[in-house]
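Examining the three-dimensional arrangement
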Amino acid sequence: MRSNSLQIFCGRPVPGNKMQFLGGNRRKLRLADDQRNACYPHSLQFYLQPPSGNISLIEFENLAIDRVKLLKAVENLGVSYVKGSEQYQSKLEAELRKLKFSYRENLEDEYEPRRRDHISHFILRLAYCQSEELRRWFIQQEMDLLRFRFSILPKDKIQSFLKDSHLQFEAISDEDKTLREQDIMASSHSLGGVQLELESVYKIPFADALDLFRGRKVYLENGFAYVPLKDIVAIILNEFRTKLSKALALTARSLPAVQSDERLQPLLNHLSHSYTGQDYSTQGNVGKVSLDQIDSLSTKSFPPCMRQLHKALRENHHLRHGGRMQYGLFLKGIGLTLEQALQFWKQEFIRGKMDPDKFDKGYSYNIRHSFGKEGKRTDYTPYSCLKIILTNPPSQGDYHGCPFRHSDPELLRQKLQAYKIPPSGISQILDLVKGTHYHVACQKFFEMTHNVDDCGFSLSHPNQFFFESQRILSGGKDFKKESVQPETPQSKLSVQRSKDASSALASLNSSLEMDLEGLEELLQ
């Protein structure tokens, strides 16, 4: 019979069937303060060593989800704001604080946030090493996160961080700096009017500064580049990208060993495109939206994907299965009851000359099924943006999907014009679409149609669009305030997974433990 403990060995394998630490000690060590600080001396790192110790599978999953939330916030903020700007910095710091990850030096009791940061990074390596597209996304977000953390690292901590990261970059003395002042100032454009005596300068092997050399932005002498602090971040990020890229390639080769475990395999496979936001299946506002309101709400508060489906349904009196599922679950999420849904769809289909008996026999079952009243009694949840973007793309004659992802650019431009988006706004949205930032493009659409400069949230769900719209239109009051319950530690995780993932993880409990001892072979 299969054991409930997960075995992952790295470094020197431990013989035998039972999970053991090297040395045979399985208890969690209670580290003294100085030992804890030595584990994670800085708020940022290059993740050169994999974690070791015990961790419950529940914590494993929660850390992975929180890291995905963080990296998606990094992506959203990087598109919405200028990286390094005051707004960008403050909002990213708020996200790190909210998710309890490390971000600043000299804070009290930083061991746990830094431990969470360390372990969660390596978990996501397993999930995001599986394709070139996933690797590129993961590396970019981790680089942006490192850039932010380095930007707020105190100057007196930089040298020790470089040393701990195995970077042979050494700050030169004031005497050496004065000796080369004119050459450095003439070569380093980033200094501008900065007084060199106020700026640290690092002596770096020439091979590590090739990008600056190509752009003629650095002073060279005897095989070394003399790089001001303002320019060194680009070199650090390049080193980080190179190391992480190699590590992900090595992890991908070892992935079959991890995927053979049926408890981890579903989580890792679906984590990269899981929805990690609010659960909109809660029906606290059931029956508080009338059928008479839908036409009006569609033009005021529906996201473009649902507005498109509603328009097609009214014009054609029919939607194919993909459209009925996407739109039907959205309507369910904003408050339509089963009885209202049956009446709504039946009235519309009959207008299309469908016989009422045919509707009752061919379509009402599927509606009842989506409300959990037929079949396996599964109460289906509204589709998230990720699910709409990544699954079941529309074919000819379909109206479901994401207009920003699945529409021809010229057709999208025409739709935006019909929605009275100004030309400058259309250009901004199309630029975001070109960069594949579809959910951010929809968020920009929200801001323009509601006359707000900053909506104050990261859009990830059509029902979120609706409720936030109603909140603004009602003067800041939440629409049917009981409709969306706040997340609590006891609330169920809102990650949408396949049935395999759900069944595999449902049996987990906090007493199950996996060992992270020596993840070196898989994660280096």
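My aim in this report is to walk through the structure given alongside it, one point at a time.

Rules and cut-offs
Residues numbered from 1 in each chain as written. Predicted model: local features only at pLDDT ≥ 70, side-chain atom pairs only at ≥ 80, totals over all residues. Heavy atoms only, no water. Helix = DSSP H or I, 4+ residues; strand = E, 2+ residues; numbered from the N terminus. Phe/Tyr/Trp six-rings, centres within 6.5 Å; stacked < 30°, edge-to-face > 60°. Buried < 20%, exposed > 50% of the residue type's maximum accessible area, 1.4 Å probe, protein only. Pairing = 2+ DSSP bridges. Contact = heavy atoms within 4.5 Å. Axes fitted to C-alpha atoms, helices over the stretch in contact; angles between N-to-C directions. Expected span 1.5 Å × (residues − 1). 1 Å grid on protein atoms, 1.4 Å probe; cavity = no way out; pocket = protein on both sides within 12 Å on 5 of 7 lines; lining within 4 Å. Points joined across faces, edges and corners; volume = space filled by probe spheres on them. Nonpolar A, V, L, I, M, F, W, Y, C, P; charged D, E, K, R; others polar. Disulfide = S-S within 2.5 Å.

1. Points about unusual backbone geometry
Of note, the phi angle at Lys100 is positive, near 65°, even though the residue is not glycine. Residue position: Lys100 is located in the loop between α3 (86-99) and α4 (111-128).

2. A few points about the packing of aromatic side chains
For any pair of aromatic rings, the description rests on two quantities: the centre-to-centre distance and the angle between the ring planes. Summed over the entire model, instances satisfying the criterion amount to 27 aromatic pairs. Relative to Tyr327, the ring of Phe302 lies with its centre 6.3 Å away and its plane at 70°, an arrangement referred to as edge-to-face. Taken as a pair, Phe302 in the loop between α12 (294-300) and α13 (304-316) and Tyr327 in helix α14 (residues 321-334) lie far apart in primary sequence, 25 residues in all. Residue Phe302 is classed as buried on the basis of its relative accessible area of 2%. Arranged with centres 5.3 Å apart and planes meeting at 80°, the rings of Phe446 and Phe457 form a pair that is edge-to-face. With Phe446 in helix α22 (residues 438-449) and Phe457 in the loop between α22 and α23 (462-473), the pair connects residues that are eleven residues apart, well separated along the chain. Of the two residues, Phe446 and Phe457, both sit in the buried class. Aromatic ring contacts, followed pair by pair, group Phe302, Tyr327, Phe330, Phe344, Trp345, Phe349, Phe359, Tyr363, Phe466 and Phe467 into a single cluster.

3. A look at the sheet that holds strand β5 (residues 224-228)
Sheet architecture is open: four strands sit in the order β2-β3-β5-β4, paired in antiparallel fashion. The sheet is open, and its two borders are formed by β2 (170-171) and β4 (219-221), each paired with just one other strand. Here helix α10 (residues 229-259) sits on the sheet and contacts β3 (201-205) and β5; the angle it forms with β5, its principal contact strand, is near 115°.

4. Some details on the environment of Arg241
Structurally, Arg241 is set in helix α10. Counting along the chain gives 101 residues from Arg241 to Gln140, while the straight-line C-alpha distance between them is 8.2 Å.

5. Quick word on α13
Given a rise of 1.5 Å per residue, 13 residues ought to cover 18 Å, and the 18 Å separating the end C-alpha atoms of α13 matches this to within 8%. The set of residues buried in α13 consists of Pro304, Cys305, Met306, Arg307, Gln308, Leu309, His310, Ala312 and Leu313. Where α13 terminates, the next one or two residues include His317, which has phi positive at roughly 55°.

6. A short note on empty space enclosed by the protein
Under the criterion given, the structure shown has six cavities of 30 Å³ or more. Along the walls of the largest cavity sit 13 residues, with Arg324, Met325, Asn366, Ile367 and Ser370 positioned nearest its centre. Going through the elements one at a time, α14, α15 (338-351) and α17 (364-370) are the ones with two or more residues in the lining of the largest cavity. When residues in the lining of the largest cavity are grouped by element, the largest group, five residues, is from α14. Here the residues of the lining of the largest cavity sort into eight nonpolar, four polar and one charged. Volume-wise, the second largest cavity comes out at about 110 Å³. In this structure, the second largest cavity is lined by 13 residues; those nearest its centre are Cys305, Cys385, Cys402, Phe404 and Cys442. Put simply, the parts of the chain that give the lining of the second largest cavity at least two residues each are α13, α18 (385-390), α19 (403-406) and α22. Among the residues forming the lining of the second largest cavity, the class breakdown is twelve nonpolar, one polar and no charged.

7. What about the pairing of β3?
Consecutive side chains along a regular strand alternate between the two faces of the sheet. By the bridge criterion, two bridges tie β2 to β3 in an arrangement that is antiparallel. Directly across from Glu170, in β3, lies its bridge partner Lys203. Bridging between β3 and β5 involves five bridges; their strand directions are antiparallel. Note that in β5 the partner of Lys203 across the bridge is Tyr226.

8. Observations regarding the state of the cysteines
Applying the stated criterion across every chain yields a total of zero disulfides. Here Cys305 stays free of any disulfide, with the sulfur of Cys442 as its closest cysteine sulfur at 6.4 Å. Cys402 forms no disulfide, and the closest cysteine sulfur to it belongs to Cys305, at a distance of 6.6 Å. Residue classification places Cys402 among the buried positions, given a relative accessible area of 10%.

These values are about where atoms sit, not about what they do.
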